[in-house]
Each structure stands twice: as C-alpha cells, then as structure tokens.
Amino acid sequence: MGSRASTLLREEEIEEIKKETGFSHSQITRLYSRFTSLDKGENGTLSREDFQRIPELAINPLGDRIINAFFPEGEDQVNFRGFMRTLAHFRPIEDNEKNKDPTASEPLNSRTNKLLFAFRLYDLDRDDKISRDELLQVLRMMVGVNISDEQLGSIADRTIQEADQNGDNSISFNEFIKVLEKVDVEQKMSIRFLH
Amino acid sequence: MAELLGSSSVRSGRASFCLRVVGFVLLLVFAAAASASRDISNGTSKEPNPAREEDPHHRSNTTHHKKAFPVLSFNYEHVRTPFEISLWILLALLMKLGFHIIPRLSHVVPESCLLIFVGLLVGGIIKAIGEKPPILDSTLFFLYLLPPIILDAGYFLPIRPFTENLGTILVFAVVGTLWNAFFIGGMMYAVCQIEGTGLGGVDLLSCLLFGAIISAVDPVAVLAMFEEIHINELLHILVFGESLLNDAVTVVLYHLFEEFAHIGTVTVADAFLGVVCFFVVSLGGILVGAIYGILGAFTSRFTSHTRVIEPLFVFLYSYMAYLSAEVFHLSGIMSLIACGVMMRPYVEANISHKSYTTIKYFLKMWSSVSETLIFIFLGVSTVAGPHSWNWTFVVLTVILCFVSRMLGVVGLTYIINKFRIVKLTKKEQFIVAYGGLRGAIAFSLGFLLTNDKMKDMFLTAIITVIFFTVFVQGMTIKPLVDLLAVKKKKESKRSINEEIHTQFLDHLLTGIEDVCGHYGHHHWKDKLNRFNKAYVKKWLIAGERSTEPQLISFYNKLEMKQAIMLVESGSAAKLPSTLRKLPSCRIIPRISKGREEEIRKLLRANLQKTRQRLRSYSRHDLMIDPFEDNMSEVRFRKQRVEMERRVCFHLDSDSNFCERMRCRNRVNFRIRVRNTLLIPEGKLFKFSREEDIIR
C-alpha cells in the first residue's frame, strides 16, 4: 500500500471496501476520518493502545474483548480494511440485499454473521463452543465483583442447561442461534451509520 | 328470549343450559338495573313521601299508645347511591362472565363489541320502561374510569420496545394526530360550504374542533382490541404507544379550538401560543408524573416494616400524579404513564413479592372493571343521548376518518423508514392504520362541548365513528391479521439466556459505537444506566438491593417464579417449564405410570432428609426476607425434582427395575443414585450424597 502515512484514501480502495462491506461512499470517508483520528502514530494502522485510548471503551466491561475482535488472529496491527471489515458486521440489513444472487457469499452483516461475531466474543479459545468457564468469565465481567462465585456458577449452570441440547455441557453455535431466535438480532446488532 | 331458548335445543345440551342461565341472569339484572335507574330519576320525587308518612305516625304516637317496635323496616334511600353503583358494576361483570360461558361467541366477536351491544340493550330496556337512561358523565369518565386503565398500561409498559421505537411512536402520535385533525376539520368545512347539505351553520373553528376530538386514537379501545389478537410486540407498542402519547396533542388542540370557537378569530400569536402550549402540556405532564414517581419510589424504600400498605402507595401516588396534572390542564395520561414508568424499577426492588402480586392483580382488576363499564355506558349513552342525524355529516366523518388515517400512516411511514433500522413493511403499515380505533375519550370530549347547536350532530357523528371502528374494524382485524400472516406475539417468557445475551449485545454495541465515535442510541442508554447505578439507585432502593446488578435480580425473579409455580402445581410430579423445553430425545423413556409412582415414592422417602441439610449448607439464599421463608424451601423442592428427573433418566428402560428394587436390598439403588449424582448440581449433592440416602 505504499510507504506513505497519507491521509488520502484512494478511489480504488473505496470501491473495494464498498464491494466487500456494503458501506456507502460517504460512510467510508467518514469512518476513514475517524480511523485517522484514532491513529496517533500515523502509520496507517491501529494498535491496541490506540483503541485503549478511547475513554468509554475503558469502562466498558467487554472493552478488551471488543478491541481484540478487531485484530486478526495473532496480529497486533489492524489496517483500515480490517477495521471496516469488523464494523461491517454492524451495518443494518437492507431489504434489497435479501433478493441478491443466492450463489454469492453471505454478506458480512447477515444475521448469521452477526451472531457469529458475537459468539466469537464469548468463545475465546475458538473451539466453537462456549464452555462453562468462558460463560463464567463473561458473567463476571458484566456483573462486577460483589457477587459470589457460587451464585454466578448457578446462573451459568442454568444458562447452559437451558441452551444445551446435545448434552455436552457447553453452548455450540447452533444452540446459540436457537436461543436467540426470539431476539430481534437485526435491530439489536445494527448501528445506523450516519450518511 | 323464547325463540332463543327454543332453538338452543338443536345445539348441544350444555350450550342450551348456558344460554338459559345467561338469559335468566340477564333478565334479573336488567330488571334490577331498570328499577335502579328509575330510582335515580325519581329520587327527588320520593323524598317528600317518607316525610309525609312519618307525620301520621307522629300524630298517631301522641294520640295512641306506643306503636309496636318495627322488627323489619325498609329504608332504601339510605344506601341508594352505593347500591346503584354496585349494581351497575355487578351487571357489567356478570355480562363479562356470561360472554365467556357462551362457547363460540367470544372467538368471533371481540368483547368490546358485545359490551356495547349489552349497553344498547340495557339502555333500550330502560327507555322502554319510560325512564331516562344515565349518560356517561364526563367527570365520572375522566376522573374515575380512565385512570385505572392508563395506570395499568403505564405501569406494565414494556420499556425496551417502547424506547427503541420512541421516535416512530412520537411521529405517529404528534404529527399523525395533527394531520388527522386538520385534514378532517378542513375537509368537513369544505363540504359544509357546499350548498344543499344544510350544514351552512358550521364554521371553520367548529369543524376543526370536531376534527380534533375525532382524530385521536383511543387507548381503551386499542387495548381491548389488541389484547385479543395477540399481535407481535412491535405493532402493539406502535399503536398503543401512539394512543397514549397523542393525549397531549388532543388536550392542546381541544382547549385551543374551544377557546377560539368562543372568541371567533385566530391570530398568528395565538397559533404560536398553541405550539408553546403543546410543549408545556406534554413536558409538564411528564415532569409532574416523574416527580410523583420518584416520591413513590423513595417512599417504598422505607416500607419494609409495613408491607401491607405498599400497594396503596403505588396507587395513590399515581392517582395524585394524574389529578395534579389535570389541575393545571396538563396531560393527565402522560403524567400517569411517566409516574408508573419512573416508579416501577425501584418499587419492584423494594417491595415484597406479595405486594408485587397485589399491585399486579389490583391494577388488572380495576382496569378490567373500568373498561367493561366504559363500553356498557357507551352503549347506554347511545340510546339515551339526544341525536341529530345528518346523513352527509355522519357518513362523511366516517369515510374521512378512515381515509385520513390510511394516508397519514402511509405518508409518515415513508418518512420514518428512512430513519429506522428495521423498516416497517406494507403489511405492518396496514395493521397500524387499521388499528386506529376511536373510543370513549372522543365521546367524553364531545360531551363536554358547550355549544348546543352543533353538539347533538357532533355527538351523533362521534358515536357513529366509534361504532364503526369498534364493530367493523374490531371484528375484522383478527381475520385480517390471520389472512395477512402478520407475525404474532411469541408467548414464551424471557429466558436467562436471552437476558444475558441481550445485555452482552448492549455492551458490545455501546463499545462499537464508541469506536466509531458515534453517539447513538446505545451510548446514551449506557450513560443513563451508569447514572442510574451510581446515584439514583442508592437513594431509591433500600438496603443491599441497591447494588445488585440487573442480571442477578432477573435470575432471582426467575427462580422465584419457578418455585412458586412448583408450589401452585401442588405436587412435585410436575416438572418446571424450562425443563420441558428439552427436545424429545431427552425426555424420560417410557416407563409405566405405576412404576414411575413407585420410583418417586422411593426417592421421596429416601431424600426426605436432604431438606434440613441443604438449608444450612446452601448459599443460594440471597434475600433473607423473613416474609419469604417458604420460597427457599420450595426452591429445594424444585432441585429435588430436578434430581428425580435425572435419576429417572439414568434409570433407563430397565423393565425389571422395580422388582429388583423391592427384592434386593437398597444397596444397588444407592450405588446407582450416587453415581448418577455426579452432575453440575454436584456441589449441592456432594454433601448429601454420603449421609442422607443411606438409610
């Protein structure tokens, strides 16, 4: 991509990102300016420290996990393409997309992909299952320090019991989808990016 | 009545019996009500009679000896008012009861239609006797009949869908109602100007006033209707929210046009003041409600020693909020809703479970009675009221209402969909438009009009529109919903999974919004939650509950509900509902009922002692509320059932099991039970395993 720390985004790149993620031109430019404002080192990529500088993210219980979700496996830097790719999961589902060519791969913001993104935030070891421990960790983050382990344990047990269908004492992705079938994920997991 | 009884013999015996019962009940209550209302109107004429009767007694007293002590005397005057009120309410409730006994009627015709019909009948009978039927008095309606319904709706308003769709609801409520009012008013005026309709006397302001009255969607009618069709949450909250929030618009428009109709002319300054008035009315109403809500929440913090009066605080603070708002001509409905919404999370954290149940059932009861009474009175008032039927006016009103509602909804949705994440489809738009029912509020507002000239004609038109919407739209909406295959409400309760994952997604979305630098819906909600947790909860929630996270309180509530369900089901044989969700491959394989009973008896006998042990060991008792002791015991019973289920599951299709049980010693059983108890609930049973089962 060249060795310049440029603040310009080339047209071809915008087109590629548009095709891959479905964002509109103005949205991409807007998010690019946000990207550059976060990128203090001005090297065209973001590191974990750049994200941690966002104040509200520091007090978010899931802050660390969200930051990790942006970085691909094992890497420490994320470029604008990766940034957009992650954010594309949160684009609202549009009606006309449902009529698209069925042989094309599923768009990043489909319901299944949204749920997969959320599932991966639970499942840190990427074994495609949310085990009891992983669930406990998330519960502990959300609930704070005042609740005893046993209480959390019984909540986790009950959660798994409700969702688990094949008896392996953990929640697989399909069970996850099934449990959330009544929740309006299309609305819950979408951000209205301003034009 | 005779033909009805005769034809019923063709149907099944039970149906005919029910009809006869209902018929007799009807006759009885009609007669009583008729005599009651005769007394209402003849009240004054009765008074002199007793006075006159007493004088001869007096005179006879002085001349004759002491008269006999009256063993039985008749003094109806003394109890007349409460007696008649109770009689009316009893009539209403018996009618409601009657409808549900008749088998097929309640499925075809919505309850509100039946009640209006009954009201018509009662009114007709009263008129036939020659008395003047009572009219739905506006004071009675606004001060006594309406608040319970609104409080019930507001207190149990589902907050999440409401706030998520607040923008849409507000647009429909404010802009939609304004559009309706001006469109109907304007078109009526245009038609009235046409020669030959005989409506020349109706000026623009009167038309606009009429438009304002008829334009608002009525919460009572909508509630009554939508409760029966079980439509999905989004549509329900859209129409219902709109009907609640358009009260502010209606109040402002009504007072505005009424003032102007007296004065005769409108200036730009007046119009501007009208706009200001709107904001004052709505925001002021909400503020009044919020203040009372906070007061109520604060009071509930100290009620831990006087649990019995807790529900009363909720009711009284809410009612005071309503009345206070009405004093200043602010929107009483919005005040009531704000009070209920504000109070609820804190009050529910503070009050006991029994108080919560009391509040829930009292609100449902009162709102049910109010609704029934309103519809019956509507029917009676139709028969009673002075009518002035003008074909053009009435038919035009009905058509215009329908058309303007359709146009308004479609037009507004087109604009709203640009801002919504999940767009409203054409089917949903149609249901929203079709569900715009008019009801008793329009009638009462019309009744309050002081201009006699047009009042009768307006009232007739209003009643016709109400009848049209309630009967025609009410009866056809259910088949239409089925026909259009609109999504219905999903009946099941919220599971712990949904709660956890929804909170998880909230945090996730807030984080993503922060990364994007986008201050959206989630960002502000998160800020509000933090503010709530940091400051407000400390003040308004008593004791330790103030620091309890939402997830924990949800989980506790869920556990308690299950425990109660177990108690109410009477025996440990019924499994809690969440366990029923398991697919059939995990359900207990077929053992005969007799064997199941034997297994259960054995388990029960062997596990009896666990109760004492578990109580001291378990740290699941979070709320040491002395009033709720039996809950923990029930929780253990539930866990015992859980264990029973697991034992049964593992004791598979062993056909000789029971024989073995009886013949051999208990050792085998013990070993099997011990082995099967190595399950996640293990912590609980680790302790009991060694000691208690071995006998």
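Residues numbered from 1 in each chain as written. Chains lettered and ligands numbered in written order. Predicted model: local features only at pLDDT ≥ 70, side-chain atom pairs only at ≥ 80, totals over all residues. Heavy atoms only, no water.

1. Points about the overall build of chain B
Looking only at helices and strands, chain B features 30 helices and zero strands. Among the 695 residues that make up chain B, the fraction classed as buried is 51%. When the accessible surface of chain B is totalled, it reaches about 34,600 Å², and 65% of it is carbon and sulfur. (Helix = DSSP H or I, 4+ residues; strand = E, 2+ residues; numbered from the N terminus. Buried < 20%, exposed > 50% of the residue type's maximum accessible area, 1.4 Å probe, protein only. Areas by Shrake-Rupley, 256 points an atom, 1.4 Å probe, with all protein chains shown as cover.)

2. Quick word on the overall build of chain A
Looking only at helices and strands, chain A has 11 helices and four strands in total. Here chain A holds 195 residues, and the buried ones make up 46% of them. Sequence-distant contacts in chain A: of pairs separated by 6 or more residues, those separated by 24 or more amount to 56%. For chain A, the exposed area adds up to about 9,900 Å²; of that, 48% sits on carbon and sulfur atoms. (Contact = heavy atoms within 4.5 Å.)

3. Some words on the packing of helix α12 (residues 233-263) of chain B against helix α13 (residues 268-300) of chain B
Residues and elements named next belong to chain B. As a packed pair, α12 and α13 sit with axes 9 Å apart at the nearest point and diverge in direction by 145 degrees. Pair α12 / α13 crosses with right-handed handedness. Contacts from A248, V249, V251, V252, L256 and F260 of α12 reach α13 at D270, G274, C277, F278, V281 and S282. Residue composition of the contact of α12 with α13, by class: nine nonpolar, two polar and one charged. (Axes fitted to C-alpha atoms, helices over the stretch in contact; angles between N-to-C directions. Left-handed = near helix turned anticlockwise from the far one by under 90°. Nonpolar A, V, L, I, M, F, W, Y, C, P; charged D, E, K, R; others polar.)

4. Looking at the packing of aromatic side chains
One pair of aromatic rings is described through two measures. These are the centre distance and the angle between the planes. Applying the stated criterion across every chain yields a total of 36 aromatic pairs over all chains. Seen from their ring centres, F393(B) and F458(B) are 5.7 Å apart, and the 15 degrees between their planes marks the pair as stacked. Placement of F393(B) in helix α17 (residues 391-416) and of F458(B) in helix α20 (residues 452-483) is noted, with a sequence separation of 65 residues between them. The class of F458(B) is buried, set by a relative accessible area of 4%. By way of ring pairs, the aromatic residues Y32(A), F35(A), F51(A), F70(A), F71(A), F80(A) and F83(A) are connected into one cluster. Its guanidinium or amino end placed over the ring of F23(A), R91(A) lies 6.0 Å from that ring's centre, counting from NZ or CZ. (Phe/Tyr/Trp six-rings, centres within 6.5 Å; stacked < 30°, edge-to-face > 60°. Lys NZ or Arg CZ within 6 Å of the ring centre and 35° of its normal.)

5. A word on the UniProt feature "domain: EF-hand" (unreviewed entry) in chain A
Residues and elements named next belong to chain A. With numbering matched to this structure, UniProt assigns "domain: EF-hand" (unreviewed entry) to residues 26-61, 110-145 and 151-186. Secondary structure content for residues 110-145 is 67% helix and 6% strand, and the end C-alpha separation is 36 Å. Segment residues 151-186 splits into 61% helix and 6% strand. End C-alpha atoms: 32 Å apart. (UniProt positions renumbered as here; feature names shortened; annotations may be inferred.)

6. Section: the domain arrangement of chain B
Where interface size is quoted, it is often the accessible area lost as the parts come together. All names here are of chain B. In terms of domains, chain B is made up of domain 1 (1-107) and domain 2 (138-484). Each partner contributes residues to the interface: domain 1 has six residues there, and domain 2 has six residues. In total, about 650 Å² of surface goes out of reach between domain 1 and domain 2, with carbon and sulfur atoms giving 77% of it. When the buried surface of domain 1 facing domain 2 is broken down by residue, W88, A92 and K96 rank first, second and third, together holding 59% of it. Inspection of the region where domain 1 meets domain 2 yields zero salt bridges. At the boundary of domain 1 with domain 2, the tally comes to one residue pair in polar contact (both at pLDDT 80 or more). Per-class residue counts for the side of domain 1 that touches domain 2 are five nonpolar, no polar and one charged. (Domains from an automatic or database assignment. Buried area = accessible area lost by both parts, 1.4 Å probe. Salt bridge = Lys/Arg side-chain N within 4 Å of Asp/Glu carboxyl O. Polar contact = N/O pair within 3.5 Å; in protein donor to acceptor, adjacent residues only side chain to side chain.)

7. Remarks on the interface of chain B and chain A
The interface of chain B with chain A comprises 55 residues on the first partner and 57 residues on the second. Roughly 5,300 Å² is buried in total at the junction of chain B and chain A, and carbon and sulfur atoms are behind 66% of that figure. By the criterion of area lost to chain A, the three top residues of chain B are I421(B), F504(B) and V515(B), representing 14% of everything that side buries. Summed over the shared surface of chain B and chain A, the result is two salt bridges. The salt bridge involving K188(A) is made with E164(B); its shortest N-O contact spans 3.4 Å. Across the contact surface, chain B and chain A share 11 residue pairs in polar contact (both at pLDDT 80 or more). For the side of chain B that touches chain A, the secondary-structure elements that each account for two or more residues are α8 (159-164), α21 (496-516), α22 (521-540), α23 (550-569), α24 (577-580) and α27 (629-650) of chain B. Examining the composition of the side of chain B that touches chain A, we find that 20 residues originate from one element, α21(B), more than from any other. The class makeup of the residues in the side of chain B that touches chain A is 23 nonpolar, 16 polar and 16 charged.

8. A look at the nonpolar core
The biggest cluster of nonpolar side chains holds 136 residues, and the ones touching the most others in it are F141(B) and L146(B). Of all the elements, α12(B) adds the most residues to this core, at 16 residues. Residue contributions to this core reach at least three from each of two domains, namely domain 1 (1-107) and domain 2 (138-484) of chain B. Not counting the four nearest positions on each side in its chain, F141(B) is found in contact with L136(B), L146(B), P147(B), I374(B), A440(B), I441(B) and S444(B). Counting 68 residues, the second-largest nonpolar core is a separate cluster that includes L87(A), V143(A), I147(A) and A156(A). (Core = buried A, V, L, I, M, F, W, Y, C linked by side-chain atoms within 4.5 Å.)

9. Topic: the pattern of salt bridges
Taken as a whole and assessed by the stated rule, the structure comprises 22 salt bridges over all chains. One salt bridge connects E242(B) with R405(B), and the closest N-O pair in it is separated by 2.9 Å. One end of the pair, E242(B), is in helix α12; the other, R405(B), is in helix α17, and 163 residues separate them in sequence. We note that E242(B), like R405(B), is buried. When salt bridges that share partners are traced, they join E16(A), E20(A), R81(A) and R85(A) into one network.

10. Considering the domain arrangement of chain A
Residues and elements named next belong to chain A. By domain assignment, chain A separates into domain 1 (12-89) and domain 2 (107-189). On the side of domain 2, 14 residues touch domain 1, which itself brings 12 residues to the contact. With both chains or domains summed, domain 1 and domain 2 bury close to 1,100 Å², and 64% of this area falls on carbon and sulfur atoms. Contact with domain 2 buries surface across domain 1, with P61, R65 and H89 losing the most and accounting together for 62% of the total. One can count four residue pairs in polar contact (both at pLDDT 80 or more) joining domain 1 with domain 2. Secondary structure elements with two or more residues in the side of domain 1 that touches domain 2: α1 (11-21), α5 (63-70) and α6 (80-87). Taken together, the residues of the side of domain 1 that touches domain 2 break down into five nonpolar, three polar and four charged.

11. Side note on the confidence of the model for chain B
When pLDDT drops low, the exact placement of atoms in the prediction is not to be read closely. All names here are of chain B. Within chain B, residue pLDDT values average 76, and 73% of them lie at 70 or more. Per-element averaging of pLDDT across chain B places helix α30 (residues 682-692) at the bottom with 39 and helix α14 (residues 310-327) at the top with 93. The model gives residues 574-588 a pLDDT under 50, and that stretch makes 27 contacts with residues more than four places away or in other chains. This stretch, residues 673-695, has a pLDDT under 50; its non-local contacts, to residues over four places away or in other chains, come to 41 contacts. Across the interfaces of the predicted complex, the ipTM metric reaches 0.90, alongside a pTM of 0.72. (pLDDT = per-residue confidence, 0-100.)

12. Some details on helix α6 (residues 111-129) of chain B
All names here are of chain B. Between its first and last C-alpha atoms α6 spans 27 Å; for 19 residues at 1.5 Å apiece the expected length is 27 Å, and the two agree. Taken together, the buried positions of α6 are E111, S112, C113, L114, L115, I116, V118, G119, V122, G123 and I126. Two residues or fewer after α6 comes G130, characterised by a positive phi angle close to 110 degrees. (Expected span 1.5 Å × (residues − 1).)

13. Re the packing of helix α11 (residues 219-229) of chain B against helix α16 (residues 353-384) of chain B
Residues and elements named next belong to chain B. Contact geometry of α11 with α16 gives a least axis separation of 11 Å together with a crossing angle of 110 degrees. One way to sum up the angle between α11 and α16 is to call them roughly perpendicular. Crossing hand, α11 versus α16: left-handed. Residues V220, A221 and A224 of α11 lie in contact with α16, whose contacting residues are E371, I374 and F375. Here the residues of the contact of α11 with α16 sort into five nonpolar, no polar and one charged. (Parallel < 35°, antiparallel > 145°, perpendicular 65-115°, else oblique.)

14. Here's the deal with the side chain of K96(B)
Residue and element names in this part refer to chain B. Locating K96 in the fold gives a position in helix α4 (residues 80-101). When its relative accessible area of 17% is taken as the criterion, K96 is described as buried. Aside from chain neighbours lying at most four places away, what touches K96 is E111, S368 and T372.

15. Focus: the environment of V288(B)
Within the secondary structure, V288(B) sits in helix α13. Spatially, the C-alpha atoms of V288(B) and R530(B) are 24 Å apart, while their sequence positions differ by 242 residues.

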